[in-house]
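Structure at a glance
Single-letter residue listing:
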Amino acid sequence: MAIVMQQRELAITLWRQTWPMAIGVLALLGFQLVDSAFIARLGTAQLAAQSFTFPLSFLIIGIQVGMGIAIAALISRALGAGEGERARRLSSLVLMAGGGVIGLLAIILWLFHVPIFRLLGADDTTLSYIYIYWGPQLLSAWLGALLYFSYSVFRAHGDTRLPGKMMVLSSLVNLVLDPLLIFGVGDWQGWGLPGAAWATAIAFSVGLLVTTRKLLKRQWASQLGLWIEAKQSWRPFTGIAAPAMVSQLMPPLAAMLAISVVAGLGESEVAAWGLASRLETLSLMVILAMTMSLPPWLGRCYGAGDWGQIQQLMRLAVKVALVWQLSLGVLLALGAPWLAMALAGNPEVQNELALLIRFLLPSYAALGVCMLVVSAGNALGWPLRAMLLSSARLFVCYLPCLWLGSQFFGWWGLAAGAAIGNLLAGLMAWQVMRRILSRPHRQAGFVN
């Protein structure tokens, strides 16, 4: 009876930690999907241009998430060990160093964007649209990274509500500005494709102003002892951040390779793939929320040596992922034609998108299990194993199945191959988690 009560309390706490982030993720990813839906109304060429930028946008997100994972793990462990002042110094360091790293990356991606996008398969017409869109998009990515780092600090302190609220706020600002800046109002014709990026930049700026004020008010950042803390913490930070960043950079690299395969099938296929990518992240909102709320909790348990609770948390999270994601995937697959019609204006793109939805959405249940195991690995002291699992998911399971399917069966085979790859990745992650959690006494001191 006591075990049942403890599991119920864990489930309630997990719900309380996750639902604010789930709502925030829903709002944040929802406005990205709305961005694509508005851009689709401009034309297939504009939507294809935006789709070509996704892999590089994911590259920036991968680096920021890797840094965020590391700093959230270190802060949560410091808090679990009662080192409040160190946690404040770490908060300041990630905001300054993270902003510098992402800013430098954005400059590099702007300087070399033409050869990069040509390598991905963009033609001259698509490049002309990318040119006017990519600058403001990089600015919004930098602002979004700063906002994400501030979210990491709040999550490490156990506060998931404020980040969730800020995601909703920035999404609402973007939703209001999108049609105004893309299509204009009155006699003003708007900015077209770049308007979507400027709307996002303004929305992130609003969220950043609010979170910065809250951080200063709660005194979760410190200006004292930063240089000494940087010298002491760079090694453990790198030990978590480097594998986590490599793990997070695998999806953008895989996305680049995937879109190069899709580009060989045609412009409408690229447009449909771009919409499906937006829909993928939106449908994974609960999983993404748990990858944000669960690691700080696991990190505190890791700092306290409570492996019994870690086992219960992981099993509960996997059950939630499977039940929720499979139910949602089947439901959306059944409504694929109507969902595709709502997102795409071109009938050819609608048909191709509907096929992707039918195959991919149910397979995200298995993908969700893999994502949870990878995020837990970074919090529990085995980041290298998490990185290898993430790499195997993409380069052993996903990409080979996608490529083989496209070679033998075209668009239909590509969709089926991607779904099979997700399923194989989920099964592999499940086996890894079972092996690790069956021997917690060995993992408490595990060193990669």
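- An unreviewed UniProt entry annotates the protein chain as MATE family efflux transporter of Vreelandella neptunia.
- Quoted verbatim from the Subcellular location (unreviewed entry) field of the UniProt record, the comment on the protein chain reads "Cell inner membrane".

**Some words on the overall build of the protein chain**
- If you tally the helices and strands in the protein chain, you get 15 helices and zero strands.
- Across the 448 residues of the protein chain, 58% fall into the buried class.

**Thoughts on the state of the cysteines**
- By the definition in use, this model includes zero disulfides.
- There is no disulfide at cysteine 370, and the cysteine sulfur nearest it, in cysteine 397, is 7.8 Å away.
- For the unlinked cysteine cysteine 401, the closest cysteine sulfur is that of cysteine 397, found at 6.9 Å.
- You can call cysteine 401 buried: its relative accessible area is 18%.

**Points about the packing of helix H2 (residues 44-80) against helix H5 (residues 124-156)**
- Packing of H2 against H5 brings their axes to within 9 Å, and their N-to-C directions diverge by 15°. With respect to each other, H2 and H5 are oriented roughly parallel. As H2 packs across H5, the resulting crossing turns out to be right-handed.
- Looking at the contact of H2 with H5 residue by residue, the class counts come to 23 nonpolar, eleven polar and no charged.

**Describing the packing of aromatic side chains**
- Across all of its chains, the model carries nine aromatic pairs by this definition.
- Measuring from centroid to centroid gives 6.0 Å for phenylalanine 38 and phenylalanine 183, while their planes differ by 70°, and the two rings are edge-to-face. Of this pair, phenylalanine 38 sits in helix H1 (residues 2-42) while phenylalanine 183 sits in helix H6 (residues 161-183), and the two are 145 residues apart along the sequence.
- Note on phenylalanine 183: relative accessible area 33%, which makes it partly exposed.
- Grouping aromatic residues by their ring pairs yields a cluster made of Trp188, Trp191 and Trp198.

**Concerning the confidence of the model for the protein chain**
- Overall, the predicted model of the protein chain reaches an average pLDDT of 81, with 89% of residues at or above 70.
- Within the protein chain, no element has a lower average pLDDT than helix H15 (residues 440-443), which sits at 46, and none a higher one than helix H7 (residues 193-218), at 91.
- The model gives residues 1-5 a pLDDT under 50, and that stretch makes zero contacts with residues more than four places away or in other chains.
- Contacts for the low-pLDDT stretch residues 442-448, under 50 throughout, to residues beyond four places or in other chains number 14 contacts.

**Structural notes on helix H12 (residues 336-343)**
- All buried positions along H12 are accounted for by Ala336, Ala340 and Leu343. Down the axis of H12, the buried side of the element spans an arc of 65°, and every buried residue falls inside it. Across H12 from its buried face, at more than 90 degrees, point the exposed residues Trp338 and Ala342.

**Considering the pattern of salt bridges**
- All told, the structure shown has one salt bridge when counted by the stated rule.
- The shortest N-O distance in the salt bridge between arginine 118 and aspartate 124 comes to 2.8 Å.
- The partly exposed category is assigned to arginine 118, whose relative accessible area is 44%.
- Aspartate 124 gets classed as exposed once you look at its relative accessible area, which sits at 53%.

Reading the values: the criteria
What you see as residue numbers is a count from 1 along each chain, following the sequence as written. It should be noted that, the model being predicted, local features are given only for residues of pLDDT at least 70 and side-chain atom pairs only at 80 or more, the latter also being counted only at that level, while totals for whole chains, interfaces and linings use all residues. Computation of side-chain values covers all heavy atoms of the structure but excludes hydrogens and water. UniProt positions are given in the numbering used here, feature names are shortened, and annotations may be inferred rather than shown by experiment. For helices the rule is a DSSP run of H or I covering at least 4 residues; for strands it is a run of E covering at least 2, with both sets numbered from the N terminus onward. Think of it in three bands: residues with accessible area under 20% of the maximum for their type are buried, residues over 50% are exposed, and the middle band is partly exposed, with areas taken using a 1.4 Å probe on protein chains only. Any two cysteine sulfur atoms within 2.5 Å of one another count as a disulfide. Helix axes are fitted only over the stretch in contact, all axes being lines through C-alpha atoms; the angle between N-to-C directions runs from 0 to 180 degrees. Any angle that falls under 35 degrees is termed roughly parallel, while one over 145 is termed roughly antiparallel, one within 65 to 115 roughly perpendicular, and all others oblique. The hand of a helix crossing depends on one turn: near helix anticlockwise from the far one by less than a right angle means left-handed, and clockwise means right-handed. For this scheme, ten residues count as nonpolar: Ala, Val, Leu, Ile, Met, Phe, Trp, Tyr, Cys and Pro. Four count as charged, namely Asp, Glu, Lys and Arg, and the remainder, Gly too, count as polar. Aromatic pairing here means that ring centres of Phe, Tyr or Trp (its six-membered ring) are within 6.5 Å. Orientation follows from the plane angle: under 30 degrees is stacked, over 60 is edge-to-face, and everything else is tilted. Residue-level confidence of the predictor is summarised by pLDDT, bounded by 0 at the bottom and 100 at the top. For this analysis, residues touch if any pair of their heavy atoms sits within 4.5 Å. Each direction from the helix axis to a C-beta atom contributes to the arc, which is the arc of those directions. For this document, the term salt bridge refers to a Lys or Arg side-chain nitrogen within 4 Å of an Asp or Glu carboxyl oxygen.

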